[in-house]
Amino acid sequence: MQYLLLIYSDESLWESLPDDERQAIHREYGRLNSDLHAHGKLVAGDELQPVATATSVRLRNGDTIVSDGPFAETNEALGGYYLIEADSLDEAIEWAARIPSARGGTIEIRPTVDHSGDGS
Amino acid sequence: MQDAFAAALEHWPRSGAPANPGAWIVTTARNRAIDRIRREQTLARKTELLARLQEPAPPSPANEETGVPDERLELIFACCHPALAPEAQVALTLSLLGGLTTPEIARAFIVPEPTLAQRLVRAKRKIRDAGIPLRVPPDHLLPERLRSVLAVVYLVFNAGYGPPVRGELCAEAVRLAALLATLMPDEAEVHGLHALLLFQDARRNARVRDGVLVLLDEQDRTLWDGDEIAQGRLALERALALRTPGPYQLQAGIAAAHSEEASNWLRIALLYGRLAELAPSPVVELNRAVAVAMSAGPEAGLLLADRIEGLDDYYLLHSARADLLRRLGRDDEAAAAYERALELAPSDVERDFLRGRLSALGC
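To start, this report covers the structure provided alongside it. (Residues numbered from 1 in each chain as written. Chains lettered and ligands numbered in written order. Predicted model: local features only at pLDDT ≥ 70, side-chain atom pairs only at ≥ 80, totals over all residues.)

## Section: the overall build of chain A
What chain A contains, in helices and strands, is three helices and six strands. Of the regular secondary structure in chain A, the N- to C-terminal order runs β-α-α-β-β-β-β-α-β. Each principal axis of the C-alpha atoms in chain A carries an extent, and together these give about 50 × 45 × 20 Å. Among the 120 residues that make up chain A, the fraction classed as buried is 17%. Of the contacts made within chain A by residues no fewer than 6 positions apart, 77% connect residues no fewer than 24 positions apart. (Helix = DSSP H or I, 4+ residues; strand = E, 2+ residues; numbered from the N terminus. Buried ≥ 20, exposed ≤ 12 C-beta atoms within 10 Å, placed from the backbone. Contact = placed C-beta atoms within 7 Å.)

Here it is, written out as structure tokens:
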């Protein structure tokens, strides 16, 4: 199964960290990335630009309504994601627990819907 | 007073939410082919088990006789998976592994039947769609997951132990604990929980008389179920033989000490001391204070009770303090503590009991 691991964390907290701590976390992410890759689990993953760059789009009565900001304003913003291949929710939980931002923030795990068998 | 802590005991460890798995254990690298084969096998097994999830009937006892490897253990770990809401864990466990129908579970938990039915559907869907594994967790996850399973069974029991008593839930919890003990004979805490439930269930019919809670030392012992107490002792022996102490075993030891001719308060106080080390909580401290009061006198007990922090809104703390103060002849303070307990008591049965105590003071 594929799981999307959504990384929610407090951006201001990240910005307040001293350089050496940020670098340590970057190295931790690096190790996680190479482990995911080595185990053949990594489908995709990226860090996102800060939430200040977010744009929301809605279609209402045929009108496209574009607004500044994310879907929901919260202290913890979506800051990145991994799309991984895992055998079960338990395996996804174990990978999620290795994401450095799980310490201060929250990782939301969402299984994806497999459409590979559709429309044949 | 004894029942004050017996009741307090019943509410523990409801708050024992399992901690984060924490340590990641490096998975051994597997090549993709093996991985895929395993995934396919898992999927086939899962599909079969999920088909079973739809079956309304409880597992037939025939399984036990034919020796067909049964998947009930895997099922219960899935039902009690921490990714499911606690109330869903309980409902699912009762519906898939218990012998209760949806209307019966709804009645027992005072939930409208459609709400419960929806809760069950949603939980089954999450098991399937989120990929909650139908398996006995691997060793590095087992302690935490087993705690979650045992907590669900204990919660079912407590929901039935009342007051008001709902015997079918107690019986169901005892049955589930027995099933777990059969399926996981090497887990000391499983036997510990089984023993604890047997001891408590043995006293079920003596706990409430005419709708009023009856204290342990005032209970009619002829109403205690001697067979269940004997079974409890056997289960506790099996647990202790595994030499892995744990909170349920300690509580079972305490329950066993209560089931003797006269409660052995010195031993009970010591066991609560160990429990406070192993699973510290203010409720355990309260129980310990009461046991110390019974073995070493009300003054020593009150000293401990007054040191407890974080239970100001817990009626049993105040009712236990009230009893100790009464025994020390400090009637005015006792009355004030009974009044406070009365304000906080959760149901009429408890309130009636406290009113009885208060009027006996004659204040």
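## Focus: the pairing of strand β3 (residues 55-60) of chain A
Counting buried residues along β3 of chain A, only zero of its six residues qualify, which leaves the element largely exposed. From the end of β3 of chain A to the start of strand β4 (residues 63-68) of chain A, which pair antiparallel, there are two residues, and Asn61 of chain A there has a positive phi angle of about 50°. (Pairing = 2+ DSSP bridges.)

## Some details on the pairing of strand β1 (residues 2-9) of chain A
Residue and element names in this part refer to chain A. Here β1 shows one buried face, formed by Tyr3, Leu5, Ile7 and Ser9, and one open face, formed by Gln2, Leu4, Leu6 and Tyr8. Here β1 runs beside strand β5 (residues 77-85); their pairing, made up of eight bridges, is antiparallel. Across the sheet, the residue bridging to Tyr3 is Ile84, located in β5. As paired elements, β1 and strand β6 (residues 106-111) share six bridges and run antiparallel to each other. Each bridged residue has a counterpart across the sheet, and for Ile7 the counterpart in β6 is Ile107.

## So, the nonpolar core
All names here are of chain B. Core analysis: the biggest nonpolar cluster contains 104 residues, and Val153 and Ala173 have the highest contact counts within it. No other element matches the 10 residues that helix α8 (residues 142-161) contributes to this core. If near-sequence neighbours (up to four positions away) are discounted, Ala173 is found in contact with Val153, Val156, Phe157, Gly160 and Leu197. (Core = buried A, V, L, I, M, F, W, Y, C linked by C-beta atoms within 7 Å.)

## Looking at helix α19 (residues 348-361) of chain B
Because an α-helix completes one turn every 3.6 residues, residues spaced three or four positions apart along the sequence face the same direction. Residues and elements named next belong to chain B. Along its 14 residues, α19 runs 20 Å from first to last C-alpha, staying within 8% of the 20 Å computed at 1.5 Å per residue. Every buried residue belonging to α19 is among Glu350, Phe353, Leu354 and Arg357, and all of these are buried. Along α19, the residues classed as buried sweep out an arc of 95° about the axis, all on the same side. Relative to its buried face, α19 has exposed residues pointing more than 90 degrees away, namely Gly356 and Ser359. Elements in contact with the buried residues of α19: β2 (212-213), α17 (315-327) and α18 (331-344). Positioned one or two residues after α19, Gly362 has a phi angle of 70°, which is positive. (Expected span 1.5 Å × (residues − 1). Arc of directions from axis to C-beta.)

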